[in-house]
Amino acid sequence: MAAHPWASFLGLANRAGKLITGEEMAVKEIQRGNAKLVLLSEDASRNTEKKITDKAAFYKVPVCRVENREVLGQAIGKEARVVVAVTDAGFAKKLKTLIDGE
């Protein structure tokens, strides 16, 4: 299905209902303390990138960069996605190790 090992695991997290997609929803989850990890596509706009990285830094949520919005969207079986927030600590930890390992 996907060329990246983390992509199929992200799909599993999505099926488990542990993901929030979209910029505004991700920001809300970061502020509520529910986001454990944020995935941000490399081709995000500067405005989106700044908003997400600033919020994540303030609330001490790690941010991982992924190739592009198409890869991120395809991993969860949807159209292109720029921001995905993982709300489960276990999924977040495993995803971070898979992404950092590439």
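Residues numbered from 1 in each chain as written. Predicted model: local features only at pLDDT ≥ 70, side-chain atom pairs only at ≥ 80, totals over all residues. Heavy atoms only, no water.

### So, the side chain of His-4
Then comes step 1: Structurally, the position occupied by His-4 is in the segment before α1 (5–15).
Then comes step 2: Within the structure, the side chain of His-4 is placed 2.9 Å from the side chain of Glu-67, a separation counted as a polar contact.
Then comes step 3: With near-sequence residues (within four places) excluded, His-4 lies in contact with Glu-67, Val-71 and Glu-102. (Helix = DSSP H or I, 4+ residues; strand = E, 2+ residues; numbered from the N terminus. Polar contact = N/O pair within 3.5 Å; in protein donor to acceptor, adjacent residues only side chain to side chain. Contact = heavy atoms within 4.5 Å.)

### Some details on the pairing of strand β3 (residues 63–66)
Then comes step 1: Every second residue of β3 is oriented toward a common face, the buried set being Cys-64 and Val-66 and the non-buried set Val-63 and Arg-65.
Then comes step 2: The sheet contact formed by strand β2 (residues 37–41) and β3 spans four bridges and is parallel. Across the sheet, residue Leu-39 finds its bridge partner in β3, namely Cys-64.
Then comes step 3: Taken together, β2, helix α3 (residues 46–58) and β3 constitute a β-α-β crossover, and its handedness is right-handed. (Buried < 20%, exposed > 50% of the residue type's maximum accessible area, 1.4 Å probe, protein only. Pairing = 2+ DSSP bridges. Right-handed = clockwise from strand over helix to strand, strands pointing away.)

### Details of the environment of Leu-98
Then comes step 1: Note that Leu-98 resides in helix α5 (residues 89–100).
Then comes step 2: Residues Leu-98 and Trp-6 lie 92 residues apart in sequence; the distance between their C-alpha atoms is 5.4 Å.
Then comes step 3: Dropping the residues within four chain positions of it, Leu-98 is found in contact with Pro-5, Trp-6 and Phe-9.

### Points about the sheet that holds β3
Then comes step 1: Across the sheet, which stays open at both edges, the four strands sit in the order β1-β4-β2-β3 with mixed pairing between neighbours. Two strands bound the open sheet, and with one partner strand each, they are β1 (19–21) and β3. Within the sheet, the average angular offset between the axes of one strand and its neighbour, ignoring direction, is 20°.
Then comes step 2: Of the pairings in the sheet, the one linking β1 to strand β4 (residues 83–86) comprises three bridges and is antiparallel in character. Across the sheet, residue Leu-19 finds its bridge partner in β4, namely Val-86.
Then comes step 3: Along the sheet, α1 contacts β1, β2, β3 and β4; its crossing angle with β1, the most-contacted strand, is approximately 100°.
Then comes step 4: Where helix α2 (residues 23–32) meets the sheet, its contacts fall on β1, β2 and β4, and the angle it forms with β1 comes to roughly 135°. (Axes fitted to C-alpha atoms, helices over the stretch in contact; angles between N-to-C directions.)

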